[in-house]
Amino acid sequence: MAHSAISQRLVACLLNVSEARRKELVETVARAAVFDSNGGRREGTTVLNIFNDQDYNRSVITIVASIDCIKEAVLSACEQACRLIDMSAYAGGHPTMGAVDLVPLYPLGEEVGLGDCAKEARAVAAGLTERVSGTSAFFFGWADSPQHRGLAQRRKEMGWFRKNPDTGAIRPDVGPLPQKRYGLTGIGASPYVMNCNVTIDTQDLALGRSIAMSIRESTPGGIPGVQVLALPHEGAVEIACNVESMKGNPPSQVGERGEPWPTFSIGGQLYCHAPASLITARVAELAGRQGVATKGTALVGFTPHECRGLAERALSLGIAEFWKELRRLHM
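All figures in this text were calculated on a predicted structure; none of them were measured in a lab.

S.K.: For this particular structure, what's the right way to read helix α5 (residues 151-158)?
M.R.: The α-helix winds at 3.6 residues per turn, so residues separated by three or four positions along the chain end up facing the same way. Of all the positions in α5, only L151, R154, R155 and M158 are classed as buried. Projected down its long axis, α5 carries its buried residues within an arc of 100 degrees, all on one side. Along its buried surface, α5 packs onto β3 (58-66), β4 (100-107), β5 (137-141) and β9 (236-244).

S.K.: It is not clear to me how the UniProt feature "domain: Formiminotransferase N-terminal subdomain" (unreviewed entry) in the protein should be interpreted in this structure. Could you clarify?
M.R.: Annotation from UniProt places "domain: Formiminotransferase N-terminal subdomain" (unreviewed entry) at residues 9-191. Helix and strand shares over residues 9-191 are 29% and 24% respectively, and the end C-alpha atoms of the span are 14 Å apart.

S.K.: Can you walk me through the packing of helix α3 (residues 70-84) against helix α4 (residues 114-131) in this structure?
M.R.: Any two packed helices are characterised by how steeply their axes cross, that is the angle between the axes, and by the distance between the axes. Following both chains from N to C, one finds α3 and α4 inclined at 35 degrees, their axes separated by 9 Å at the closest point. By crossing handedness, the relation of α3 to α4 is classed as right-handed. Between α3, through I70, K71, E72, V74, L75, S76, C78, E79 and C82, and α4, the contact on the second element is made entirely by E120, A123, V124, G127, L128 and R131. Residue classes in the contact of α3 with α4 are distributed as 8 nonpolar, 2 polar and 5 charged.

S.K.: What exactly am I supposed to notice about the packing of aromatic side chains here?
M.R.: The relation between two aromatic rings is expressed through the spacing of the ring centres and the mutual angle of the planes. For the structure on display, the rule yields 3 aromatic pairs. Summarising the aromatic geometry, the rings of Y106 and Y192 are spaced 5.0 Å apart at their centres and angled 45 degrees between planes, so their arrangement reads as tilted. Of this pair, Y106 sits in strand β4 while Y192 sits in the loop between β6 (185-189) and β7 (193-200), and the two are 86 residues apart along the sequence. When sorted by exposure, Y106 lands in the same class as Y192, which is buried. Between F264 and Y271, the ring centres sit 5.9 Å apart and the planes meet at 20 degrees, which makes this aromatic pair stacked. Geometry around W160 places R155 over its ring, the cationic atom sitting 3.7 Å from the centre.

S.K.: Which parts of the structure should I look at to understand the sheet that holds β9?
M.R.: Whether parallel or antiparallel, the strands of a sheet pair through hydrogen bonds between backbone atoms. The strand order across the open sheet formed by 4 strands is β8-β9-β7-β13, and the pairing between neighbours is antiparallel. Edge strands, defined here as strands with exactly one partner in the open sheet, are β8 (226-233) and β13 (294-300). Within this sheet the neighbouring strands show an average axis-to-axis angle of 20 degrees, counted without direction. Along the sheet face, helix α6 (residues 205-215) touches β7, β8 and β9 and points at about 170 degrees away from the line of β8.

Reading the values: the criteria
Residues numbered from 1 in each chain as written. Predicted model: local features only at pLDDT ≥ 70, side-chain atom pairs only at ≥ 80, totals over all residues. Heavy atoms only, no water. Buried < 20%, exposed > 50% of the residue type's maximum accessible area, 1.4 Å probe, protein only. Helix = DSSP H or I, 4+ residues; strand = E, 2+ residues; numbered from the N terminus. Arc of directions from axis to C-beta. Contact = heavy atoms within 4.5 Å. UniProt positions renumbered as here; feature names shortened; annotations may be inferred. Axes fitted to C-alpha atoms, helices over the stretch in contact; angles between N-to-C directions. Left-handed = near helix turned anticlockwise from the far one by under 90°. Nonpolar A, V, L, I, M, F, W, Y, C, P; charged D, E, K, R; others polar. Phe/Tyr/Trp six-rings, centres within 6.5 Å; stacked < 30°, edge-to-face > 60°. Lys NZ or Arg CZ within 6 Å of the ring centre and 35° of its normal. Pairing = 2+ DSSP bridges.

Below, the structure is given as structure tokens:
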């Protein structure tokens, strides 16, 4: 298939796994997405980035492939992660319920719709529970048919935000009751969700939670599309944001430097998302009122535009392990 045709059929998966302290293990999971069990290259597939957070003991692996290849790439990585990560021995500072905690599929190309990604997400769930006995999953977004409940709502229903969830009360959509080794995996499809984390220079978690509540979408005056937690992180507090893309024209709010909300389209429908600079500026303002400074902002992966652009470059050059190229660029 020609490169231009592939670029219009791209899908991204920001695979969240509950391990970051064993770097080689995480890279083994990533390689399973782009190489088969015999070491053969999976065509039309690349891993753009691996984001490791050792304090949280959580990694995010950015896999991009054509819609025709995404299921096997993601499923193979999930299968490998389940072999290597034992949730009964897990320790980390981030909420999680599964060795493979989250499998979100996002359309990047014009010829891929949310329904296409939902179909592949459900196929990944079915394949995982068939290949790895004892795994279980819940659906969110467009894969959660017909309700299309969002990730935050489904996580709340499953007890994801609780320190010690009652796994016996959980009813997965696929598979048995969650088992200690594998836990529970969230699998779904939605417009692109960006992860933006702002660290404030304090150990005052109550202040962090107050800031999180102020910028959360559900709060009057909050930032549209932002779901947020405040978490202890490396001796400070991190305001960890999921930045959801929203249907329609951007709101009037702008970023710190006056830049507009980035936009993209899915099947001719316009979507937009809050810029990271707006989130950073709002957190800095709220923290500053209490005499607390920000330490920095980290994007986990990329914006939708960056993700597609880098994927097109990686695939046109035939680079499977593109994350290694990124590391060389930033050394």
